[in-house]
Amino acid sequence: PQTLPLDQIQLPVPDKRTGKIQHLPALHPSRKKDRHFVLYKPPPQDGTPALVEEFLERANFIANDLDWLLALPHDKFWCQVIFDETMQKCLDSFLHYTPRQYDEFVNPNPAVEEVQKHLHRSVFMIFLRMSTHKESKEHFITPEAFGEIIYDGFLFDIPKIFDLCVIFGKGNAVLLKKMIGNIFNQQPNYFNDLNETVPTILQVFSSICDKCGLRLENHSQRPQKIDAPTKVSLMDMPVQEFKDILLYLCDTCTTLFAFLDIFPEASRTMQKHEFIHRLASFYEVIVPELESAIKKRRFDETSLQENLWKRLSHSRKKMIEAFHCIINNMCLQPILENGSDNILPFIEDFLQIFTALLHQKRFLTDYDEQFPVADDISLLQQAFPVLDETRTSYIIKAVDSAWEASGRSKPTFATGNT
Amino acid sequence: MELPRLTGALRSFSNVTRQDEYTVDSSDLMTKRSKLKEYYCQTELTWNDLTHFVENVAQNEHQVVSENLRTLLKAARQLVGIEHEQETVESAAVFLFKTFHDKDHVGHEETKAVKQMFGPFPSSAATTACNAVYRIASNFSEEELQKLLCANEPAGQNSHVHFGKTIKFSFDSFVLEPSEELPLNWQTDNQKDFSLDY
């Protein structure tokens, strides 16, 4: 039985030319099988028989190869995943291109559905195995070596982690939390990578605004391109372009929420870039304009208009939930956990975040509708009875006035000073 | 058409990935097919093993079995193409034996397996192979056949427990969760833009 960690095991191997025994690490490229994994392609949307057939052939190759990989013993599995680039690209292509259920992709072919389900499960199991440094008492890798292997070999990277959360996070949250938690714990460089990724996420917000001909609050930081084409307004752009904006928004918001829901510990890193303020500004700018455009544009099919509305409504919900995840992780949870000790910095954070948000009236009312601000403030008051009431009542009044300005009636469950 | 995705943008514009450039075309399917053929050529069960194994049948069945082996080889040659070496044809015949040993007709799964191995193929060749294998296999018990097929599998592959087999997995995924329907009075909202109050 294997007693040493896999990264320290040496195996006796006869030299092919001399026959002399030499010792090689158990994790060595020569132990990789030349399997040649093919890349994943999503199912064809139009159901053309030749394309369906090609998809099935490709998908069945992958399904068989993944089954083979899952059946490999611990040492051979790790040799394959570390040294087989075709396997890594295959997994990456699946994560990147597999349809998300919210895409509302429908392919009625039962064989397509069956193999998609097979791949869905197998890909998850491969990533689960790759995120486990201790598979059993006998089969394990030292945590430090594991951290290096997964990071240096790009077995996991931030886009893949985001994909894993959005593809598998709804149904397999418990396992996925352990997986992602273990990856970040064993390799803190992922926090640095996340930190480097946040500006690109913010850039995606700006890019969506640009496509809509809108500008974010902090947009002036970026120089305007001299030869930038004149923007088409949301009312005039081709319907496909308009649809793409909604698809992009929907995917962006769902993916962000999925990641934060699975790994709320990312909140502090994201907030280094004032993420939630940027998110709220983005919401404030984009939501009313898109709502208005969906209502006013002419659509050949009402079903498309309804679908786009649903997509926007879903995106709004996910942006608010993502915001709440961060508030909860950074302020509310520590207050609840710490009792009365050392909670002042968290209370201060909460008050500062909301004070800075008070001019984002549309965001504020929508947030308050889902997560009543007054309830959180009441929590703060219970945890810290000598809380400065001037500041809290200022926030509550601002929320109420945002409701008044919106012309909508505040739901009865959103408590406040109304 | 590729759907716009947040992680697509992160792959393209952040510097935290390997920045793999890959395009999916059908050339990798060709490569995969030839790899599979190579793999089966290297599997331990050989044509010799098979011919040796069938010698165990009763004396009066010898001729029938030999004829069926010849039919199987002929069908294998049709599937791999006449330009291939005898060795490749024999390993194709072994593959067909493994595929059809417990089947009395060419079903969906078998068609899939044969196609994966040889690409598009004449169905008559598969049917001929299947019938020949069926007639050969009917001379042996299930146990004898399993012994032949499993004795030569590479060690540690089929015997190992499939990782994750006992892990509960859910197919539940994120779906659209709209919090409100398209307002029925949106046309009224629209009309607010027009005013007769000059």
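Residues numbered from 1 in each chain as written. Chains lettered and ligands numbered in written order. Predicted model: local features only at pLDDT ≥ 70, side-chain atom pairs only at ≥ 80, totals over all residues. Heavy atoms only, no water.

Before going further, it helps to examine the overall build of chain A. Each helix and strand in chain A was counted, giving 16 helices and two strands. Taken over the C-alpha atoms alone, chain A extends approximately 85 × 60 × 45 Å along its principal axes. Counting all 418 residues of chain A, 56% fall into the buried class. Of the contacts formed within chain A by residues at least 6 apart in sequence, a portion of 74% connects residues at least 24 apart. Computed over 45 positive and 56 negative side-chain charges, the separation of the two mean positions in chain A equals 3 Å. (Helix = DSSP H or I, 4+ residues; strand = E, 2+ residues; numbered from the N terminus. Buried < 20%, exposed > 50% of the residue type's maximum accessible area, 1.4 Å probe, protein only. Contact = heavy atoms within 4.5 Å. Lys, Arg positive; Asp, Glu negative; His and termini not counted. Charge placed at Lys NZ, Arg CZ, Asp CG, Glu CD.)

Facing the 63 residues of chain B at the interface are 93 residues of chain A. Broken down residue by residue, the surface that chain B buries against chain A is led by Phe-163, Phe-174 and Leu-176 of chain B, which jointly contribute 12%. Residues Asp-251 of chain A and Arg-5 of chain B are paired through a salt bridge, measuring 3.1 Å at the closest nitrogen-oxygen approach. Put simply, chain B and chain A have 32 residue pairs in polar contact (both at pLDDT 80 or more) between them. For the side of chain B that touches chain A, the elements supplying multiple residues, two or more each, are helix H1 (6–13), helix H2 (27–42), helix H6 (108–118) and helix H9 (186–191) of chain B. Examining the composition of the side of chain B that touches chain A, we find that eight residues originate from one element, H2 of chain B, more than from any other. For the side of chain B that touches chain A, the class distribution of residues is 25 nonpolar, 18 polar and 20 charged. (Buried area = accessible area lost by both parts, 1.4 Å probe. Salt bridge = Lys/Arg side-chain N within 4 Å of Asp/Glu carboxyl O. Polar contact = N/O pair within 3.5 Å; in protein donor to acceptor, adjacent residues only side chain to side chain. Nonpolar A, V, L, I, M, F, W, Y, C, P; charged D, E, K, R; others polar.)

In this fold, Asn-60 of chain A is placed in helix H1 (residues 49–71). Owing to a relative accessible area of 9%, Asn-60 of chain A belongs among the buried residues under this scheme. Dropping the residues within four chain positions of it, Asn-60 of chain A is found in contact with Val-115 of chain A together with Lys-112 and Gln-116 of chain B.

All names here are of chain A. When cut into domains, chain A gives domain 1 (6–187), domain 2 (188–322) and domain 3 (339–418). Each of domain 2 and domain 3 has a C-alpha centre, and the two are 25 Å apart. Counting from both sides, the interface comprises 15 residues of domain 2 and, opposite them, 14 residues of domain 3. Carbon and sulfur atoms make up 57% of the area that domain 2 and domain 3 hide from each other, which totals about 1300 Å². If you sort the residues of domain 2 by the area they bury against domain 3, His-277, Glu-284 and Ile-320 come out on top, with a joint share of 42%. (Domains from an automatic or database assignment.)

Next up on the list: the confidence of the model for chain A. Mean pLDDT for chain A: 92, with 94% of residues reaching 70 or above. Averaged over each element, pLDDT in chain A is lowest for strand S1 (residues 10–14) of chain A (87) and highest for helix H6 (residues 158–168) of chain A (98). (pLDDT = per-residue confidence, 0-100.)

Let us look at unusual backbone geometry. Residue and element names in this part refer to chain A. Residues other than glycine seldom take positive phi values, yet Phe-154 does so here, at roughly 55°. Locating Phe-154 in the fold gives a position in the loop between helix H5 (143–152) and H6. Its relative accessible area of 26% is what places Phe-154 among the partly exposed residues. The backbone phi angle of Glu-274 is positive, close to 50°, even though this residue is not glycine. When you line up the elements, Glu-274 lands in the loop between helix H10 (267–271) and helix H11 (275–296).

What follows concerns the packing of aromatic side chains. Residue and element names in this part refer to chain A. Considering all chains together, one arrives at 30 aromatic pairs over all chains under this definition. Taking 5.1 Å as the distance between ring centres and 70° as the angle between the ring planes, the aromatic pair formed by Phe-323 and Tyr-367 counts as edge-to-face. Placement of Phe-323 in helix H12 (residues 302–338) and of Tyr-367 in helix H14 (residues 361–370) is noted, with a sequence separation of 44 residues between them. Across this residue pair, the class does not change: Phe-323 and Tyr-367 are buried. (Phe/Tyr/Trp six-rings, centres within 6.5 Å; stacked < 30°, edge-to-face > 60°.)

A separate point is the packing of helix H8 (residues 189–211) of chain A against H11 of chain A. Residues and elements named next belong to chain A. At their nearest, the axes of H8 and H11 sit 10 Å apart, and the two run at 10° to each other. Compared by their axis directions, H8 and H11 come out roughly parallel. For the pair H8 and H11, the contacting residues are Val-198, Ile-201, Leu-202, Phe-205, Ile-208 and Cys-209 in the first and Phe-275, Arg-278, Leu-279, Phe-282, Val-285 and Ile-286 in the second. The residue makeup of the contact of H8 with H11, split by class, is eleven nonpolar, no polar and one charged. (Axes fitted to C-alpha atoms, helices over the stretch in contact; angles between N-to-C directions. Parallel < 35°, antiparallel > 145°, perpendicular 65-115°, else oblique.)

Turning next to the environment of Ser-378 of chain A. Among the secondary structure elements, Ser-378 of chain A is positioned in helix H15 (residues 373–383). Remark: the alpha-carbon pair of Ser-378 of chain A and Thr-392 of chain A, spanning 14 residues in sequence, is separated by 9.2 Å.

A word on the environment of Val-81 of chain A. All names here are of chain A. Within the secondary structure layout, Val-81 lies in helix H2 (residues 74–83). The class for Val-81 is buried, based on a relative accessible area of 0%. On a C-alpha basis, the gap between Val-81 and Phe-94 in space is 15 Å, while along the polypeptide they are 13 residues apart.

What follows deals with empty space enclosed by the protein. All names here are of chain A. Under the criterion given, the structure shown has two cavities of 30 Å³ or more. In this structure, the second largest cavity encloses a volume near 40 Å³. Tallying contributions element by element places helix H9 (residues 239–262) first for the lining of the second largest cavity, with three residues. Along the lines of polarity and charge, the residues of the lining of the second largest cavity split into five nonpolar, no polar and four charged. (1 Å grid on protein atoms, 1.4 Å probe; cavity = no way out; pocket = protein on both sides within 12 Å on 5 of 7 lines; lining within 4 Å. Points joined across faces, edges and corners; volume = space filled by probe spheres on them.)

Time to look at the confidence of the model for chain B. On average, residues of chain B carry a pLDDT of 82, and 84% of them reach 70 or more. Mean pLDDT values for the elements of chain B range from 51 in H9 of chain B up to 95 in H1 of chain B.

All names here are of chain A. Taken together, the five bridges between S1 and strand S2 (residues 21–25) define a ladder with antiparallel strand orientation. Bridged to Pro-12 within S2 is His-23. Here S1 hands over to S2 after six residues, with Gly-19 in that stretch at a positive phi of 80°. (Pairing = 2+ DSSP bridges.)

Because each turn of an α-helix spans 3.6 residues, side chains separated by three or four positions in sequence point in the same direction. Helix length check: helix H7 (residues 173–186) of chain A (14 residues) gives 20 Å between terminal C-alpha atoms against 20 Å at 1.5 Å per residue, within 8%. For H7 of chain A, the full list of buried residues reads Leu-176, Met-179, Ile-180, Gly-181, Asn-182, Ile-183 and Phe-184 of chain A. (Expected span 1.5 Å × (residues − 1).)

Let us look at the environment of Leu-51 of chain A. Topologically, Leu-51 of chain A is positioned in helix H1. Other than its neighbours up to four places away in sequence, Leu-51 of chain A contacts Pro-44 and Asp-46 of chain A.

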